[in-house]
Amino acid sequence: MHTVVLGVAGVSTADVVAVARGNARVELSPEALDALAASRAVIDALAAKPEPVYGVSTGFGALATRHISPDLRAQLQRNIVRSHAAGMGPLVEREVVRALMFLRLKTVCSGRTGVRPEVAQAMAALLNASITPAVHEYGSLGCSGDLAPLSHCALTLMGEGDAEGPDGTVRPAAELLAAHGIEPVELREKEGLALLNGTDGMLGMLIMAIDDLERLYRSADITAALSLEALLGTEKVLAPELHAIRPHPGQGAAAANMLKVLAGSGLTGHHQDDSPRVQDAYSVRCAPQVAGAGRDTLAHARLVAERELAAAVDNPVVLPGGTSHDGVVGGGRVESNGNFHGAPVAYVLDFLAIAAADLGSIAERRTDRLLDKNRSHGLPPFLADDAGVDSGLMIAQYTQAALVSELKRLAVPASVDSIPSSAMQEDHVSMGWSAARKLRTAVGNLTRIIAVELYAATRGIELRHGLEPAPAGRAVITAARAAGVAGPGPDRFLAPDLAAAEEFVGHGGLLAAAESVTGALD
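Residues numbered from 1 in each chain as written. Predicted model: local features only at pLDDT ≥ 70, side-chain atom pairs only at ≥ 80, totals over all residues. Heavy atoms only, no water.

Caption draft 1: Molecular detail of the layout of surface pockets. Roughly 360 Å³ of internal volume is contained in the second largest pocket. If you go around the second largest pocket, you meet 18 residues; those closest to its centre are Asp-212, Arg-215, Val-443, Thr-447 and Gly-506. At the level of secondary structure, the elements contributing two or more residues to the lining of the second largest pocket comprise α9 (200-230), α16 (432-462) and α18 (495-506). Its residues placed into classes, the lining of the second largest pocket shows seven nonpolar, four polar and seven charged. (1 Å grid on protein atoms, 1.4 Å probe; cavity = no way out; pocket = protein on both sides within 12 Å on 5 of 7 lines; lining within 4 Å. Points joined across faces, edges and corners; volume = space filled by probe spheres on them. Helix = DSSP H or I, 4+ residues; strand = E, 2+ residues; numbered from the N terminus. Nonpolar A, V, L, I, M, F, W, Y, C, P; charged D, E, K, R; others polar.)

Caption draft 2: Representation of the sheet that holds strand β6 (residues 162-164) within the structure. Pairing is antiparallel across the open sheet formed by three strands, whose spatial order is β4-β6-β7. Pairing within the sheet leaves two strands with one partner each, and these edge strands are β4 (132-133) and β7 (170-172). Sheet topology note: the β4/β6 ladder contains two bridges and is antiparallel. From the neighbouring strand, Pro-133 faces β6, where its bridge partner is Ala-163. (Pairing = 2+ DSSP bridges.)

Caption draft 3: Just α16, in detail. Helix length check: α16 (31 residues) gives 45 Å between terminal C-alpha atoms against 45 Å at 1.5 Å per residue, within 8%. With 25 of 31 residues buried, α16 is to be regarded as a mostly interior element. (Expected span 1.5 Å × (residues − 1). Buried < 20%, exposed > 50% of the residue type's maximum accessible area, 1.4 Å probe, protein only.)

Caption draft 4: Region of interest: the pattern of salt bridges. In this structure the tally under the stated criterion is 34 salt bridges. Put simply, Arg-440 and Glu-93 hold a salt bridge, and the shortest N to O gap is 3.4 Å. With Arg-440 in helix α16 and Glu-93 in the loop between β3 (88-91) and α4 (94-108), the pair connects residues that are 347 residues apart, well separated along the chain. A residue is classified by how much of its surface remains accessible, and Glu-93, at 31% relative accessible area, is partly exposed. For Glu-453, the salt bridge is made with Arg-366, and the minimal N-O distance between the two is 2.6 Å. Remark: Arg-366 occurs in helix α14 (residues 343-371) and Glu-453 occurs in helix α16; sequence separation between them is 87 residues. For the pair Glu-453 and Arg-366, a shared accessibility class is recorded, and that class is buried. Bridged by salt links that share partners, the residues Arg-21, Glu-93, Glu-95, Glu-137, Asp-211, Asp-212, Arg-215, Arg-437 and Arg-440 form one connected network. (Salt bridge = Lys/Arg side-chain N within 4 Å of Asp/Glu carboxyl O.)

Caption draft 5: View of the side chain of Asp-368. Checked against the element boundaries, Asp-368 lands in helix α14. Relative accessible area serves as the criterion here: at 17%, Asp-368 is assigned to the buried category. Once you skip the residues sitting within four places of it in the chain, Asp-368 turns out to touch Arg-375 and Gln-397. (Contact = heavy atoms within 4.5 Å.)

Caption draft 6: A look at unusual backbone geometry. The residue after Asn-315, namely Pro-316, is reached through a cis peptide bond having omega 0 degrees. The phi dihedral of Leu-383 falls on the positive side, at around 55 degrees, and the residue is not glycine. Overall, the relative accessible area of 1% leaves Leu-383 in the buried class. Phi at Met-431 is positive, roughly 55 degrees, even though this residue is not glycine. Position of Met-431 among the secondary structure elements: in the loop between α15 (394-410) and α16. Taking relative accessible area as the criterion, Met-431 reaches 8% and is therefore assigned buried.

Caption draft 7: Structural detail: the pairing of strand β1 (residues 3-6). Burial along β1 is one-sided: Val-4 and Leu-6 are buried, while Thr-3 and Val-5, pointing the other way, are not. Of the pairings in the sheet, the one linking β1 to strand β2 (residues 25-28) comprises four bridges and is parallel in character. Within β2, the residue paired with Leu-6 across the bridge is Leu-28. Each parallel crossover has a hand, and the one from β1 via helix α1 (residues 13-20) to β2 is right-handed. (Right-handed = clockwise from strand over helix to strand, strands pointing away.)

Caption draft 8: Spotlight on helix α6 (residues 147-157). Of all 11 residues that make up α6, 11 are buried, and the element is covered over most of its length. Of all the positions in α6, only Leu-147, Ala-148, Pro-149, Leu-150, Ser-151, His-152, Cys-153, Ala-154, Leu-155, Thr-156 and Leu-157 are classed as buried. Just downstream of α6, Gly-159 is the residue with a positive phi angle, here 80 degrees.

Caption draft 9: Structural detail: the state of the cysteines. Under the counting rule described, the total for this entry stands at zero disulfides. Of all cysteine sulfurs, the one in Cys-153 lies closest to Cys-143, which takes part in no disulfide; the gap is 19 Å. (Disulfide = S-S within 2.5 Å.)

Caption draft 10: Structural view of the side chain of Ser-219. Here Ser-219 is to be found in helix α9. Look past the residues within four positions of Ser-219 in its chain and what remains in contact with it is Ile-450, Val-505, Leu-510 and Leu-511.

Caption draft 11: Highlighting empty space enclosed by the protein. Throughout the structure, instances matching the rule amount to four cavities of 30 Å³ or more. Taken as a whole, the largest cavity encloses approximately 90 Å³ of empty space. Elements with a contribution of two residues or more to the lining of the largest cavity: α4, α5 (117-128) and α6. By residue number, the principal contributor to the lining of the largest cavity is α6, which donates four residues. Tallied by class, the residues present in the lining of the largest cavity amount to eight nonpolar, no polar and one charged.

And the structure:
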């Protein structure tokens, strides 16, 4: 099994995906353990002083003005976890919670939070035991971090609340910890706060969305090329010299991908045959421009994600230097800050939802063109076997249109909203968690939309009797049929075919089939 070793310098997006989706083991490096011990020493020194320090010897948020005596500080840390574990609604997906826990652990290991090494080791033990805290859909405003989701994770670490075991059954956390030999954690000064205060949920969902969208954008290039073939379009608009004079990198990559898929096609270049046309419709001709803009948006989102992965988000944070508790210069200090605000992550989450909506929209327009006998250049109405007796793919396009309509609603930004909380102390919030949740839905819908275009385009190609598709297109059709995506014929129960197409796209079968001929697509 793959192992991710956590140091003090952050992690990669591949590490996050490996832990969240691939169940990779997590280990702490000696460097991380040393950094944890050093930052804890700063917190212990401050806790011994009579002066109040936020998060160490005070209340939190609007209650930060109260100085907490030493005998109540352990209770304070327990109480913040219990009171903040106030989520509601359905449980979020296992991979989201694993990403959330791993990213919080990443920040803890930076040596900026003051958490003890044994707490960090217990967090790693939870991940390695496949214990997944029960985290609810609602509870984060995306400022002061993803407070409620992270609190539910910390609650499990304390042996309280519920969690999902390796078998997928939700049980009391105390039972699961005992079954795996993990001792519940007794939190000390600042530790409760440090476990709650980060952008880890929204960041984890951003990273997984990027992972999915990088595959989906290449898949959309493939289905756009297949639609172009089925519509007897021209590949001349994909020429590199045309895209070089508008040098957006995503546009050039999308056009190059489509050209690779179309190489050797016997279907392209027939636009002047029986029903001559000077140019293909925008949904075909401008496919690289739209997909390319989304690719460039995706590149920006990856940049933001990588910056956030390099960050240590907590409040307050432990910094080197300054004057220590005994007057020694350079001993370390604790400072309040606003780095927990989720705006940088929230903005790109919303931006990706907009790009996904537009990619879905143009794919649906190509599908509709394939089904309309007045615009499909010789294909039967709705790609039906016996139009009138058979309805063909008429309602498959309805389903696709409904998905596109929802994508447009999901493209409305969450990050433009802000509802003040904590008695106006937290008077501006990012809504980044909400942006991430709707993006996950958008990515799922986009997968289905591309699947419907695949279903229609492959059927359209097979109905062009006597014309042979490109080798890449033929490889896609062969693999799709083997995966249960049936070809032309009389009407049948369509939902299983569409589900097979969705799985073929979502699990990478479409991309693998095309790349078996083209080589790696960009």
